[in-house]
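These are the residues of each chain, in order.
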Amino acid sequence: MTFEFVWIPKPPAFSLSATVSVEYAWWEEERYTDGVKWKFLEHKGPVFAPPYEPLPSNVKFYYDGKYMKLSPGAEEVATFFAKMLDHEYTTKDVFRKNFFKDWRKEMTSEEKSKLTDLNKCDFSEMSEYFKAQSEARKAMTKEEKLKIKMENERILQEYGFCVMDNHKERIANFRIEPPGLFRGRGDHPKMGMLKRRIRPEDIIINCSKDSKHPKPPPGTKWKEVRHDNKVTWLVSWTENIQGSIKYIMLNPSSRIKGEKDWQKYEMARRLKKCVDRIRAQYREDWKSKEMRIRQRAVALYFIDKLALRAGNEKEEGETADTVGCCSLRVEHLTLHQEMDGQEYVVEFDFLGKDSIRYYNKVPVEKRVFKNLQLFMEDKEPEDDLFDRLNTSILNKHLQELMDGLTAKVFRTYNASITLQQQLNELTTSEDNVPAKILSYNRANRAVAILCNHQRAPPKTFEKSMQNLQTKIDAKKEQLADAKRELKSAKADAKVRRDEKSKKAVESKKKAVQRIEEQLMKLEVQATDREENKQIALGTSKLNYLDPRISVAWCKKLGVPIEKIYNKTQREKFAWAIDMAEKDYEF
DNA sequence: CCTGGGACTTAGAAAAAAGACA
DNA sequence: TGTCTTTTTTCTAAGTCCCAGG
């Protein structure tokens, strides 16, 4: 098994005190069973955001057309806004209002009394300055770029790894989030608020007692150093926008993340074994005389059939207004007794996680339809559809149906089983490799559609499609030429009847074949890209599809694993690549 | 039961790096 | 060898789910 990290040849400036090996197969070792996550943990702490560098004096800020020198604190916050000036965010009312309110808190009392209207603030010189800086960065010489790269590599080597139980592991996010303006997604009531700078005094360090504790920067102190081996994080701090805790944790390639990921798929496979029983049960429950049981059963049906998320309650006004299954409101669905020749159609239209729109028209069984009518009766649009249900009730029920079962397991299960089925349906061993990969992507796509993984169509999508079409046209012409040449070579060979012309025919034939193959590849690529316009495959690949299904498929059909997983993905799924044989079944 | 905090997974956008192309 | 395009990596927000304490 190869399990590679990128090592630079020179030794790091600092070495962790334990003796460790990097290459190891954690999946061959024994696991903790008692909630203990590790016995030894040593790391160097976080990397803080670079301190603020004041603007050069020739970069000016104007208020109401007049130059104004800002105090360092106010200037820093102003630069956050200036850096986003080209972004749509800065045109939004809520963003501007929140920003201005927080900016004023950083101003001196003099500034506060002068700067009273954001519309009169002119950040354009700052904005130009930052654009020029980023241009300058692009235009740096090779040597300068290399120097920066080396420095980053050094920091990675020093801070990017930790030792957990005899093994050196990669840390995922060892850099503290820099200060800036909060960018929520969708209609977020807090967009534009100032995300404050994190100092050592805000930081809680978690490591083992017997490790070399990380040192805070000179002249500073950590908030706390604790030794909690029931959790996996190395560093935490409380963020000021929502008041939630942020963590530094390990990379997906690490043992601690990998084991959990593996477990997740094993849980989904357990669901596979009893899903028929559970489905029969909730169908029975549609008829229950108890409203709460009916609601629970219909919600579970949606979660199973449509792969909806559980839908926890959210605090109103604190976040964007989004919902999942249990938090659906009456206004999010429309019932159609009959639609497009189908009976009992439910039209869903709501914003889900990340304010991604879920829009779907689904024919449902009569009993479900009737239940929905009942749930919606005498309710206002903004009322909860499932007023007798929440995620806690639902999960408690699921727990009783199968040990460890929760709502999200259905998403994992349905995603993985769909991939497996689609791969079986779409691929044949006779196909060539590009055709197999197109089929794989289509199977992956079916899952992404099920899970509603969308992306904004790339800004350059149309152009990139056109470019590809141009290539295809050129290739077609090239093919026509090659065919013509082949024809004349054949005619020539017929007249001459010598070895040389025969050989010429053969080589022309080969050329035609090669070009045909290239053309096919381009056409497949075009199809793939077109179908992928608004669909994001990455999320399902990384979080929902049992990697062993993909590994087995590759092994069975002779597709190199690199065609399916890039380097990062291969690192994350090293366990599956090592374990799964071609006959693996989810 | 209900609430809030805590720990962890999942998510798309944006930035950076790599690759293709002129 | 720079320039444009595509892929990969980084970033951090936004979910899920569990648990403690009232």
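Now for a quick tour of the structure. In this text, all values refer to a predicted model and were calculated from it rather than measured experimentally.

## Notes on the pairing of strand β13 (residues 333–339)
Next up, step 1: Sheet topology places β13 next to strand β14 (residues 342–351); 6 bridges connect them, and they run antiparallel. Residue pairing in the sheet places Met 339 in a bridge with Gln 342 of β14.
Next up, step 2: In this structure, the hairpin formed by β13 and β14 is closed by a connection of 2 residues, where Asp 340 is found at a positive phi of approximately 45°.

## A look at the nonpolar core
Note that soluble globular proteins tend to have their nonpolar side chains buried in a common cluster.
Next up, step 1: Counting residues in each nonpolar core, the largest one holds 81 residues, and the members touching the most others are Leu 271, Phe 302, Phe 348 and Phe 386.
Next up, step 2: Counting only domains with at least three residues in this core, you end up with domain 3 (259–402) and domain 4 (416–579).
Next up, step 3: Apart from the residues lying within four places of it in its own chain, the contact partners of Phe 302 are Ala 307, Leu 308, Cys 325, Leu 328, Leu 333, Phe 348, Val 368, Leu 372 and Phe 386.
Next up, step 4: Counting 28 residues, the second largest nonpolar core, distinct from the first, contains Phe 61, Tyr 63, Met 68 and Leu 70.

## With respect to the protein's contact with DNA strand C
Next up, step 1: Contacts to DNA strand C come from 29 residues, most closely from Arg 185, Lys 246, Gly 311, Lys 408 and Thr 568.
Next up, step 2: Among the atoms of DNA strand C lying within 4 Å of the protein, the sugar-phosphate backbone contributes 90%.
Next up, step 3: Here Lys 246 contributes a side-chain N or O atom positioned 2.3 Å from a phosphate oxygen of DNA strand C.
Next up, step 4: Contacts to DNA strand C include Asn 312, whose side-chain N or O atom sits 3.0 Å from a phosphate oxygen.
Next up, step 5: The set of elements that each furnish at least two residues to the surface near DNA strand C consists of α10 (407–426) and α12 (461–496).
Next up, step 6: Partitioned by chemical class, the residues of the surface near DNA strand C number 4 nonpolar, 12 polar and 13 charged.

## Some details on the pattern of salt bridges
Next up, step 1: Summed over all chains, the structure comprises 40 salt bridges.
Next up, step 2: Ionic pairing is found between Asp 349 and Arg 357, a salt bridge with its closest N-O pair at 2.8 Å.
Next up, step 3: By sharing partners, the salt bridges in this structure join Lys 44, Glu 151, Arg 154 and Glu 158 into a single network.

## Focus: the packing of aromatic side chains
Given two aromatic rings, their pairing is described by the distance between the two centres and the angle made by the two planes.
Next up, step 1: Under the counting rule described, the total for this entry stands at 30 aromatic pairs.
Next up, step 2: With centroids separated by 4.4 Å and ring planes inclined at 25°, the aromatic side chains of Phe 81 and Phe 99 adopt a geometry described as stacked. Taken together, the residues Phe 81 in helix α1 (residues 72–83) and Phe 99 in helix α2 (residues 93–106) connect sequence positions 18 residues apart. Neither residue differs from the other here; Phe 81 and Phe 99 are each classed as buried.

## What to know about the sheet that holds strand β1 (residues 41–42)
Next up, step 1: One open sheet holds the 3 strands; their spatial order is β1-β5-β6, and the pairing between them is antiparallel. Among the strands making up the open sheet, the edge pair consists of β1 and β6 (167–170).
Next up, step 2: Here strand β5 (residues 161–164) runs beside β6; their pairing, made up of 4 bridges, is antiparallel. In the strand pairing of β6, Met 164 is matched with His 167.

## Digging into the packing of α1 against α2
Next up, step 1: Taken N-terminus to C-terminus, the directions of α1 and α2 make an angle of 160°; their axes are 8 Å apart at the nearest point. Judged on the interaxial angle alone, α2 and α1 are roughly antiparallel. Seen along the crossing, α1 lies across α2 with a hand that is right-handed. Seen from α1, the contacting residues are Gly 73, Ala 74, Val 77, Ala 78 and Phe 81; seen from α2, they are Phe 95, Arg 96, Phe 99, Trp 103 and Glu 106.

## Notes on the packing of helix α11 (residues 433–450) against helix α13 (residues 499–531)
Next up, step 1: Contact geometry of α11 with α13 gives a least axis separation of 10 Å together with a crossing angle of 5°. Viewed along their axes, α11 and α13 adopt a mutual orientation that is roughly parallel. Residues Pro 434, Leu 438, Asn 441, Arg 442 and Arg 445 of α11 lie in contact with α13, whose contacting residues are Met 520, Lys 521, Val 524, Thr 527, Asp 528 and Glu 531.
Next up, step 2: In terms of residue class, the contact of α11 with α13 is made up of 4 nonpolar, 2 polar and 5 charged.

## A few points about the pairing of β5
Successive residues of a regular strand alternate their side chains across the two faces of the sheet.
Next up, step 1: Neither face of β5 is exposed, since Phe 161 and Val 163 on one face and Cys 162 and Met 164 on the opposite face are all buried.
Next up, step 2: Two elements, β1 and β5, share 2 bridges in a ladder whose sense is antiparallel. From the neighbouring strand, Glu 42 faces β5, where its bridge partner is Val 163.

## What about the protein's contact with DNA strand B?
Next up, step 1: In the vicinity of DNA strand B lie 28 residues, with Tyr 247, Lys 257, Lys 353, Thr 539 and Tyr 544 positioned nearest.
Next up, step 2: In the interface set of DNA strand B, defined as its atoms within 4 Å of the protein, sugar plus phosphate atoms amount to 85%.
Next up, step 3: In the environment of DNA strand B, a phosphate oxygen lies 2.8 Å from a nitrogen or oxygen atom belonging to the side chain of Arg 411.
Next up, step 4: Those elements giving two or more residues to the surface near DNA strand B turn out to be β12 (245–248), α6 (255–285), α10 and α14 (538–543).
Next up, step 5: By residue number, the principal contributor to the surface near DNA strand B is α6, which donates 3 residues.
Next up, step 6: Taken together, the residues that form the surface near DNA strand B break down as 8 nonpolar, 7 polar and 13 charged.

Parameters and conventions
Note on numbering: residues in each chain are counted from 1, in written sequence order. Think of it this way: whatever chain is written first is A, whatever ligand is written first is 1, and the rest follow in order. At least 70 in pLDDT is required for a residue's local features to be given in this predicted model, at least 80 for side-chain atom pairs to be given and counted, and no such filter applies to totals for whole chains, interfaces and linings, which use all residues. The side-chain values count all of the structure's non-hydrogen atoms but skip hydrogen atoms and water molecules. Strands were regarded as paired on the criterion that DSSP finds at least two bridges between them. Helical segments are the DSSP runs of H or I of at least four residues, strand segments are the runs of E of at least two, and each set is numbered from the N terminus. Residues enter a nonpolar core if they are buried and are Ala, Val, Leu, Ile, Met, Phe, Trp, Tyr or Cys, with the set joined through side-chain atoms within 4.5 Å. The classification of residues rests on relative accessible area computed with a 1.4 Å probe and restricted to protein chains. Under 20% of the type maximum is buried, over 50% is exposed, and intermediate values are partly exposed. An automatic or database domain assignment provides the domain bounds reported here. It only takes one pair of heavy atoms within 4.5 Å for two residues to be counted as in contact. Put simply, a residue is near a molecule or strand once any heavy atom of it comes within 4 Å of that molecule or strand. Throughout this description, a polar contact denotes any pair of N or O atoms lying within 3.5 Å of each other; where both atoms belong to protein, one of them has to be capable of donating a hydrogen while the other can accept it, and for residues adjacent in sequence the pair is counted only when both atoms sit in side chains. Only Asp, Glu, Lys and Arg are considered charged in this grouping, and only Ala, Val, Leu, Ile, Met, Phe, Trp, Tyr, Cys and Pro are considered nonpolar; every other residue, Gly among them, is considered polar. The salt bridge definition used is simple: a Lys or Arg side-chain nitrogen within 4 Å of an Asp or Glu carboxyl oxygen. Pairs were defined over the aromatic rings of Phe, Tyr and Trp, the Trp ring being its six-membered one, requiring ring centres within 6.5 Å. Orientation was assigned from the angle between planes: stacked under 30 degrees, edge-to-face over 60, tilted for the rest. Axis definition: a line fitted to C-alpha atoms, limited for helices to the stretch in contact. Angles are taken between N-to-C directions and run from 0 to 180 degrees. Roughly parallel means an angle under 35 degrees; roughly antiparallel means over 145; roughly perpendicular covers 65 to 115; every other angle is labelled oblique. For any pair of crossing helices, the crossing counts as left-handed if the nearer helix is rotated counterclockwise from the farther one by less than a right angle, and right-handed if it is rotated clockwise.

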